[in-house]
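Structure assessment
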Amino acid sequence: MLDIETLTAVEILDSRARPTLAVTAGLPGGVTARAGVPSGASTGSREARELRDGDKARFGGLGVRRAVGHVNGEIAAAVCDRSFASLAELDAALIELDGTPDKTRLGANATVGVSMAVARAVAVAAGRPLWQSLAPAGVTPRLPVPHFNVVNGGVHAPNRLDFQEFMLAPLGAPTVAEAVRAGAEVYAALRGELTGLGLSTGLGDEGGFAPEIDSPEEVLALLVTAIEAAGYQTGREGIAIALDPAASEFYSGGAYHVAGQTLSSDEMIERYAEMTVRFPVWSIEDGLAESDWDGWERLIGRLGDRTQLVGDDLLVTNPAIIREAIERKAANAALIKLNQIGTVTETLEAMRLCREAGWAQMVSHRSGETEDSFIADLAVASGCGQIKSGAPARGERTAKYNRLIEIEAVAHLPYGLAG
Ligand code: PGA
Ligand code: ZN
């Protein structure tokens, strides 16, 4: 039985100096647990809705006092001193209380904070680590391959780079600790390369460098140089590269606008095909726009047998949309973000659908983060084998990677891609 005694929220800051929520749940026996709510910038249009105050006099309208008020008021009143059979039942009560399809009324930032805090409290009460408590029956937990976002562009940086994320994926590392070490060493080597070229080593929102380069191929070449300079092999036996162009952000008028060029869906697909031949690119997330479903189907036809093609804005961790995409073969992997859907239970359901369809999955942070490391435990629990949490730098990013290292040290779980 799950009895919630107290539920409280406060307005705190995220890593971009914007307000977000910290939620604390109290269970009987003095058990308490807390969760910090993340927030995206390049959001999919079908994501669950964050509730923001819109009061321009505070934080430019981005305050979350109303969402905080909903946790402390309406949600606490509805769930405290009530017994639930499970977290799933609590999440169902939150969905019903909100009453909208996208959590507009209470705010997905309020519901996800409550759901995460209670999930963690359940683990504390059971005396189990969060990853163990979250693991679905029949699933073998594993330590995921970290994807380190070391070059930032798009809406995450003020440079002229259209692609949003260039990530290092130490697929060939033997352990998560060695994978983190590889990420940090290549990050340091890349800083040296950029400095040598007279380029800025200033950082974007996810802690990656944000140099004034516009060509994605030029960045890929720099990454290969940095991987080799740090003494690692490129490719699946060593360190591969993953991209998140976040193409919805440079798609307009039915075309993709990259580094001064205007490309059709098919031209964009050929550009990616070429990149995967010239560089050790193993995964591409949101290579095409969320509205370009026909393009996605052709992308899968062209590259799906050798490249992981991850839907983020396309799928928004929404079980109904994922089901449709599985039927249409519009992707072969999903990005998983708790706040895109607004409860832990719906997130686990999205992950179950992917697992059963044989799709790969990558658990993800948001560009606006807190020091909460919940997603590290979620990635381990689900056995999905992949996580992205930005650069191997800045506390809100390293909190997740460090948590993985600490889980590995005590739990001795297998490391690497699932399946
Ligand atoms: P966001 O970006 O958190 O700003 O939405 C992350 C991503 O696109 O994967
Ligand atoms: Zn993305």
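Right above here is the structure, for reference.
Here's a quick rundown of the structure. (Residues numbered from 1 in each chain as written. Chains lettered and ligands numbered in written order. Predicted model: local features only at pLDDT ≥ 70, side-chain atom pairs only at ≥ 80, totals over all residues. Heavy atoms only, no water.)

1. Quick word on the site of ligand 1
Spelled out, the test is: Consider each residue's heavy atoms; a residue with any of them within 4 Å of a molecule or strand counts as near. Two N or O atoms count as a polar contact when they lie within 3.5 Å, although within protein this holds only if one can serve as hydrogen donor and the other as acceptor, and sequence-adjacent residues are included solely when both atoms are side-chain atoms. Only the protein chains shown count as cover for residues, and the accessible areas themselves come from Shrake-Rupley with a 1.4 Å probe. Only protein atoms enter the 1 Å grid, on which a cavity is a set of points fitting a 1.4 Å probe that cannot get out and a pocket is an open set with protein on both sides within 12 Å along at least 5 of 7 lines, lining residues being those with an atom within 4 Å of a point. Here the criterion for a molecule occupying a pocket or cavity is that more than half of its atoms lie within 2 Å of the pocket grid points. Throughout, the ten residues Ala, Val, Leu, Ile, Met, Phe, Trp, Tyr, Cys and Pro are labelled nonpolar, Asp, Glu, Lys and Arg are labelled charged, and all others, Gly among them, are labelled polar.
The environment of ligand 1 is made up of 15 residues, and the closest members are Ala41, His156, Arg366, Ser367 and Lys388. Here an oxygen atom of ligand 1 and a side-chain polar atom of Glu285 are 3.1 Å apart. In the complex, the protein chains occlude 100% of the 280 Å² of accessible area that ligand 1 would expose alone. Most atoms of ligand 1, that is more than half of them, are within 2 Å of grid points of the second largest cavity. Of the residues in the shell around ligand 1, the class split is 2 nonpolar, 5 polar and 8 charged.

2. Concerning empty space enclosed by the protein
Rules: Grid points are joined across faces, edges and corners, and a volume is the space filled by probe spheres set on the points. Numbering goes from the N terminus for both helices and strands, where a helix is a DSSP run of H or I of at least four residues and a strand is a run of E of at least two.
Under the counting rule described, the total for this entry stands at 2 cavities of 30 Å³ or more. In this structure, the largest cavity spans a volume of roughly 100 Å³. Going through the elements one at a time, α10 (338-341) and α12 (374-382) are the ones with two or more residues in the lining of the largest cavity. A per-class count over the lining of the largest cavity returns 5 nonpolar, 5 polar and 5 charged. One number sums up the size of the second largest cavity: a volume of about 70 Å³.

3. Considerations on helix α1 (residues 65-79)
For clarity, the threshold we go by: One fewer than the residue count of a helix, multiplied by 1.5 Å, yields its expected span. Fitting one axis to the seven residues ending at a residue and another to the seven starting there, the bend at that residue is the angle between the two axes. Exposure is judged per residue with a 1.4 Å probe applied to protein chains only, and the accessible area is read against the type maximum: over 50% gives exposed, under 20% gives buried, and values in between give partly exposed. We call two residues in contact whenever any of their non-hydrogen atoms come within 4.5 Å of each other.
With 15 residues, α1 extends 20 Å from end C-alpha to end C-alpha; this agrees with the ideal 21 Å at 1.5 Å per step. Val71 marks where α1 bends most, by close to 35 degrees. For α1, the complete set of buried residues consists of Ala67, Val68, His70, Val71, Ile75, Ala76 and Val79. Buried residues along α1 sit in contact with β2 (6-13), β3 (19-27), β5 (83-84), α2 (87-98) and α3 (108-126).

4. Thoughts on the sheet that holds β3
Here is the rule: Pairing between two strands requires that DSSP report at least two bridges joining them. What counts as an axis is a line fitted to C-alpha atoms, over the stretch in contact for a helix, and the angles between N-to-C directions run from 0 to 180 degrees.
Taken together, 3 strands build an open sheet; the order of strands is β2-β3-β4 and the sheet is antiparallel. The open sheet has two free edges, formed respectively by β2 and β4 (31-36), since each of these has just one partner strand. Between one strand and the next, the sheet's axes are offset by a mean angle of 20 degrees, whatever the strand orientation. The pairing of β2 with β3 spans 8 bridges and is antiparallel. Among the inter-strand pairings, Leu7 is bridged to a residue of β3, identified as Ala25. Together, β2 and β3 form the strand contacts of α1, whose direction differs from that of β2 by roughly 170 degrees. α3 contacts β2, β3 and β4 of the sheet and is inclined by roughly 140 degrees relative to β4.

5. Some points on the pattern of salt bridges
Applied cut-off: Should a side-chain nitrogen of Lys or Arg be within 4 Å of a carboxyl oxygen of Asp or Glu, the pair is scored as a salt bridge.
Applying the stated rule across the entire model yields 31 salt bridges. Among the salt bridges present, the one from Arg16 reaches Asp205, with a minimum N-O distance of 2.8 Å. With Arg16 in the loop between β2 and β3 and Asp205 in the loop between α5 (176-196) and α6 (216-229), this pair connects stretches of sequence that are 189 residues apart. Residue Arg16 is classed as buried on the basis of its relative accessible area of 15%. Connected through shared salt-bridge partners, Glu165, Asp244, Glu285 and Lys388 make up one network.

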